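# Structure at a glance
Listed here are the chains, written in short residue letters.
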Amino acid sequence: MSSPAAASPDHAAAPASGSSASSPSSSFSSASFSVSVSAPAIRAALDLLGSRLPIIQAPLAGVQLSALTLAACRAGAVGSLPAALLTLDVLQRELQLISSGTDQPYNVNFFAHVTPLPDPAREARWRERLAPYYTEYGVDPATITSGFGRQPFNHEVADVVEAFKPPIVSFHFGLPAPDLLARVKAWGSRVLSTATTVEEAVWLQAHGADGVIAQGWEAGGHRGHFLSADLTRQCGLMALLPQVVKAVSIPVIATGGISDAASVRAALALGAGAVQPGTAFLLSAEAITSPPHRQALRQPDLHHTAVTNLMTGRPARGIVNRLMREVGPMNELAPAFPMAGNALAPLRAKAEAQGSGDFSPLWAGQNFSGLKELPAADVIAALAEGFDEGVR
Ligand SMILES: Cc1cc2nc3c(=O)[nH]c(=O)nc-3n(C[C@H](O)[C@H](O)[C@H](O)COP(=O)(O)O)c2cc1C
C-alpha cells in the first residue's frame with residue numbers, strides 16, 4: 001500500500017534546471033519559460049500527492065474505471081477512481097485492482113452533496129416537459145424509476161474504503177460531515193476538494209482539506225460548487241486561480257481547460273502546484289467513454305459545450321446535444337440533483353441503442369486541444385511537456 005508520505009518520490013532530489021535554482025521567478029522569460037521543480041508551489045504539491053509528476057488524472061465518472069487509474073499511475077501521475085456512481089461491490093473490486101496493480105499514489109473521488117427531499121410535484125412537471133420525447137421513443141412514463149442513484153459519501157462507503165487506505169481521497173460538492181472527514185483523515189488519506197470560488201477555497205482550507213482543486217468555468221463535468229448555487233459567481237481559471245493561490249496556504253491544483261502542454265504552463269505560471277486535466281483523457285485507450293460520447297468528441301464541428309442542469313439536476317458542462325438545445329441548457333423544471341436523471345434514463349437508453357447521444361450527458365470541457373486517441377501514458381507525456389526537465 002502506498003501513501004504520499006511513504007512514496008518517497010524522486011522529485012525531492014531532482015536538480016533544479018535552467019536559471020531558476022535559486023529564484024523560481026527567474027525562470028520566466030518572454031521568449032520561452034519553464035517552471036522549475038524548485039518552485040515552492042510545485043514542491044509542496046508533489047510532497048502532498050507523492051507522485052513523480054504534479055498531475056492528477058481527473059476522476060471521470062461514467063467514462064472510466066481502474067484501467068485508466070492504473071495507466072495514469074504507471075505514467076507518473078496520480079490516477080483517480082471516480083466512485084460516485086459505483087456500487088459497494090464494484091468499488092471494492094476496483095480498489096482491489098488498483099491497490100494490487102500499483103505502488104504509486106492514487107486518488108479515490110466521492111460526491112459530498114446533501115441528498116434532497118423527494119419532490120413529486122416537480123418530478124411530475126419535469127416528466128410533463130419530457131412527454132413529447134416519451135411519445136417519440138415509445139416510453140411509458142409509468143415505468144420510470146425514482147430514487148437517488150448517486151449516494152453521497154457515507155459510513156457504509158467508508159467501511160469499504162478504509163480497508164484500502166487510499167493515499168488520496170478527493171471530494172466534489174464540498175466535504176463530508178466532520179465525523180466522516182475525521183475518519184478519512186484518521187486512516188491516513190490526504191484530502192482534496194473542489195473550489196469554484198475564492199470563498200469555497202478558503203472554506204475548504206478552514207474545514208480540513210489538505211489541498212484545494214480550483215475549478216475554472218471551462219471544466220467538463222459537474223461544477224463543484226457548494227456554498228452558492230449562483231453560477232454568476234464562478235469564473236474562468238485565469239481569473240480564479242491566482243486569487244485562490246493568494247487566499248490559501250495549502251497546495252492549489254488547477255482544473256478546467258488544461259488539456260495540453262501550453263495550458264499546463266499557463267496554470268503553473270498562475271501559481272498552481274499541480275494540474276488536474278479531465279477532457280484530455282476522454283478518448284484515451286483506457287477510458288470506457290460510450291460510443292456516442294466518443295463520436296461527438298471526435299467531431300470538431302460538435303465541440304460546442306454549455307453548462308446544463310438537465311442531466312442530473314446540478315450544473316455540469318457537456319457537449320450541446322438535442323435535449324440541451326430544445327429544453328435548456330438550464331431549465332428550472334429539472335428536479336434537484338441527482339433526481340433529474342431518472343426521467344431521462346429510458347430516453348437515454350433508447351437513443352444510445354440507436355447510436356445517438358441526444359439524451360446523454362456528453363461531459364467535456366472547453367479546451368479540446370489535447371484530446372488524443374492514445375494510451376493515457378502518451379496523453380500524460382504530452383501534458384508533461386509543460387514542465388521543465390527538472391519535473392518531468
Ligand atoms: C466525463 C467527466 C466526468 C467527471 N466526473 C467527475 C467526478 O466524478 N468527480 C469529480 O470530482 N470531477 C469530475 N469531473 C470534473 C473533473 O474532475 C475536472 O474538474 C474537469 O474534467 C477539468 O476540466 P477539463 O475537462 O477541461 O480538463 C468530470 C469531468 C468529466 C469531463
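This text follows the structure it describes.
Reading guide: rules and limits
- Residues numbered from 1 in each chain as written.
- Predicted model: local features only at pLDDT ≥ 70, side-chain atom pairs only at ≥ 80, totals over all residues.
- Pairing = 2+ DSSP bridges.
- Helix = DSSP H or I, 4+ residues; strand = E, 2+ residues; numbered from the N terminus.
- Contact = placed C-beta atoms within 7 Å.
- Axes fitted to C-alpha atoms, helices over the stretch in contact; angles between N-to-C directions.
- Expected span 1.5 Å × (residues − 1).
- Buried ≥ 20, exposed ≤ 12 C-beta atoms within 10 Å, placed from the backbone.
- Arc of directions from axis to C-beta.

Turning to the sheet that holds strand E6 (residues 221-222), a few remarks are in order. Spatial strand order, E6-E10-E9: three strands in an open sheet with antiparallel pairing. The sheet is open, and its two borders are formed by E6 and strand E9 (305-308), each paired with just one other strand. Sheet analysis places E6 next to strand E10 (residues 316-319), joined by two bridges and oriented antiparallel. Its bridge partner lying in E10, Gly-221 is registered against Arg-317.

The parallel open sheet is built from seven strands, whose spatial order is E1-E2-E3-E4-E5-E7-E8. Pairing within the sheet leaves two strands with one partner each, and these edge strands are strand E1 (79-82) and strand E8 (274-275). Where E1 and strand E2 (residues 106-111) come together, four bridges link them in parallel fashion. Note on E2: the bridge partner recorded for Ser-80 is Asn-107. Its contacts with the sheet place helix H8 (residues 237-247) against strand E4 (190-195), strand E5 (211-215) and strand E7 (252-255), and it is angled at close to 160 degrees to E5.

A separate point is helix H3 (residues 88-101). Between the first and last C-alpha of H3 there are 20 Å, a value that for 14 residues agrees with the 20 Å anticipated at 1.5 Å per step. Among the residues making up H3, those that are buried are Glu-94, Leu-95 and Ile-98. Taken down its axis, H3 places every buried residue within 100 degrees of arc, on the same side. Facing away from the buried surface of H3 by more than 90 degrees, the exposed residues are Asp-89 and Ser-100.

The step from Gly-328 to Pro-329 runs through a cis peptide bond, and the omega angle for that step is 10 degrees. For the peptide bond that leads from Phe-337 to Pro-338, omega is 0 degrees, which places it in the cis range. Of note in the backbone geometry, Lys-165 takes a positive phi value of approximately 40 degrees without being a glycine. One can find Lys-165 in the loop between helix H5 (155-162) and strand E3 (168-172). In this model, Phe-173 sits at a positive phi of 75 degrees, which is unusual for a non-glycine residue.

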